[in-house]
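# Working through the structure, step by step
These are the residues of each chain, in order.
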Amino acid sequence: SHVVLDDRQATKSAFGDDRVLIEKYVTAPRHIELQIFADRHGNAIHLNERDCSLQRRHQKVIEEAPAPGMSPDLRSTMGAAAVAAAKAAGYEGAGTVEFIADGQGGLKAGGFWFMEMNTRLQVEHPVTEAVTGLDLVEWQFRIAAGEKLPLTQGEVSLNGYAVEARLYAEDVERGFLPSTGKLVALQLPESAGLRVDTGVETGSDVTPFYDPMIAKLIAHGRSRSEALDRLAAALDKTIVAGPRSNAGFLAALCRAEGFRNGDFDTGFIDRHLAGLGAVPQGLDRAAAGGRGLARRPGG
């Protein structure tokens, strides 16, 4: 109590306000966000959650829906909080309410806190489309045209699991530096349960002036394991020639034991860089007798 009193005196002297803000320190943070939609008629619902905890430098790398360890009751609680935030702001359209959750000992009620709201669709919205069967861009157009939300909260489905990986032109072995140049070859796989979104093709240039994302690969399965297996297999078949890519790194993430077991948080990637191949790998032995240009997979 003495410390708080001293702090209040200090803040009053420094800022003219004696209120003290105490922030919660979360040791094993999970980044969980709720996709919400609201129309101009006062209706607002959520379309389930996404887990975006696999991050590097606060940038999302792999996203999934639903979140591992999420119970129906907690989903309802977090969803209600997200919808309340949208209604309080008089929001209209698509949005994402982002929370930090305490993953220590599992997700639980009272263990999540509001972080921010993004007033748009996000890169990871296809995983929500996969598990709900909805076209969220169509929903945006309908709401902008003044229509009511197509579904009520109880009509929103949650079918299977979906995982998305962001394929970047970057050099994983050298601190994930952007890798620029012409895409001499780009082959993205086609298979059941796989969606690929891209805006480039063979012959396109990856420049330093824009985000180096090449494509998004989204896998959908009946179980989380099936979705992860499909995504890893698709990444194995992905061919990027010209700039280096993070395809091998993403496949290693999909197969990482801790991530597969649901034992992860926002610091997972930084703690496992070496095991994921995100360190200099040296020359491939098979190429050592030749020109020595090939490297082991992983970048």
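Being a predicted model, the structure only gives us computed values, none of them experimental. (Residues numbered from 1 in each chain as written. Predicted model: local features only at pLDDT ≥ 70, side-chain atom pairs only at ≥ 80, totals over all residues. Heavy atoms only, no water.)

All right, on to the pairing of strand S3 (residues 59-65) then. For S3, the tally of buried residues reaches six of seven residues, placing the bulk of the element in the interior. For strand S2 (residues 44-56) and S3, the ladder comprises four bridges, and the chain directions are antiparallel. Paired with Asp 51 across the strands is Glu 64, a residue of S3. Hairpin connection, S2 to S3: the antiparallel pair is bridged by two residues, and Arg 57 has positive phi, about 55 degrees. Across four bridges, S3 lies against strand S6 (residues 161-168) in antiparallel orientation. For Ile 62, the partnering residue across the bridge sits in S6 and is Ala 165. (Buried < 20%, exposed > 50% of the residue type's maximum accessible area, 1.4 Å probe, protein only. Helix = DSSP H or I, 4+ residues; strand = E, 2+ residues; numbered from the N terminus. Pairing = 2+ DSSP bridges.)

Moving on, we come to unusual backbone geometry. The amide bond that connects Ala 65 to the next residue, Pro 66, takes the cis arrangement and shows omega of -5 degrees. You can see Pro 66 is positioned in the loop between S3 and helix H2 (72-88). With a phi angle near 55 degrees, Arg 57 is a residue other than glycine that sits in the positive phi range. The residue Arg 57 is located in the loop between S2 and S3 in this model.

Turning next to the nonpolar core. Within the largest apolar cluster, 37 residues are counted, with the highest numbers of intra-cluster contacts made by Ile 62, Phe 249 and Leu 253. Within the residue set of this core, elements represented by two or more residues are S3, S6, strand S13 (213-221), helix H5 (224-237), helix H6 (247-255) and helix H8 (268-271). In this structure, Ala 67, Ala 86, Phe 99 and Phe 112 belong to the second largest nonpolar core, which totals 15 residues. (Core = buried A, V, L, I, M, F, W, Y, C linked by side-chain atoms within 4.5 Å.)

Take the confidence of the model for the protein chain next. For the protein chain, per-residue confidence averages 91 on the pLDDT scale, and residues scoring 70 or more make up 91% of the total. Within the model, pLDDT remains below 50 along residues 1-5, and this stretch shows zero contacts once partners closer than five positions in the same chain are excluded. Contacts from residues 285-299, a stretch scored under 50 in pLDDT, to residues over four places away or in other chains number 28 contacts. (pLDDT = per-residue confidence, 0-100. Contact = heavy atoms within 4.5 Å.)

On to the sheet that holds S6. Reading across the sheet, the eight strands line up as S5-S4-S1-S2-S3-S6-S13-S11 and stay open at both edges, with antiparallel pairing between neighbours. For this open sheet the edge positions go to strand S5 (112-118) and strand S11 (194-198), each flanked by a neighbour on one side alone. For this sheet, the mean inter-axis angle between neighbouring strands, taken without regard to orientation, is 25 degrees. With eight bridges connecting them, S6 and S13 associate as antiparallel partners. The residue bridging Val 163 from the neighbouring strand is Ala 219, located in S13. In the packing of H2 onto the sheet, contacts are made with strand S1 (29-38), S2, strand S4 (93-102) and S5, and the angle to S2 comes to roughly 105 degrees. (Axes fitted to C-alpha atoms, helices over the stretch in contact; angles between N-to-C directions.)

Turning to the state of the cysteines, a few remarks are in order. Scanning the model with the defined rule gives zero disulfides in all. Sulfur of Cys 52: no disulfide; nearest cysteine sulfur belongs to Cys 254 and is 14 Å away. For Cys 52, a relative accessible area of 0% corresponds to the buried category. In this structure Cys 254 comes out as buried when scored by relative accessible area, which is 0%. (Disulfide = S-S within 2.5 Å.)

Once that is clear, we can look at the pattern of salt bridges. Evaluation of the coordinates by the stated rule reveals 23 salt bridges. With a closest N to O distance of 2.6 Å, Glu 64 and Arg 224 form a salt bridge. On the criterion of sequence distance, the pair formed by Glu 64 in strand S3 and Arg 224 in helix H5 is long-range, its members being 160 residues apart. Judged by its relative accessible area of 2%, Glu 64 falls in the buried class. With a relative accessible area of 11%, Arg 224 lands in the buried category. The closest approach of N and O atoms between Asp 171 and Arg 244, which form a salt bridge, is 3.3 Å. Placement of Asp 171 in strand S7 (residues 170-171) and of Arg 244 in the loop between strand S14 (239-241) and H6 is noted, with a sequence separation of 73 residues between them. Take Arg 244: its relative accessible area is 27%, and that puts it in the partly exposed class. Overlapping salt bridges bring together Glu 33, Arg 50, Lys 60, Glu 63, Glu 98, Glu 124 and Arg 166 as one network. (Salt bridge = Lys/Arg side-chain N within 4 Å of Asp/Glu carboxyl O.)

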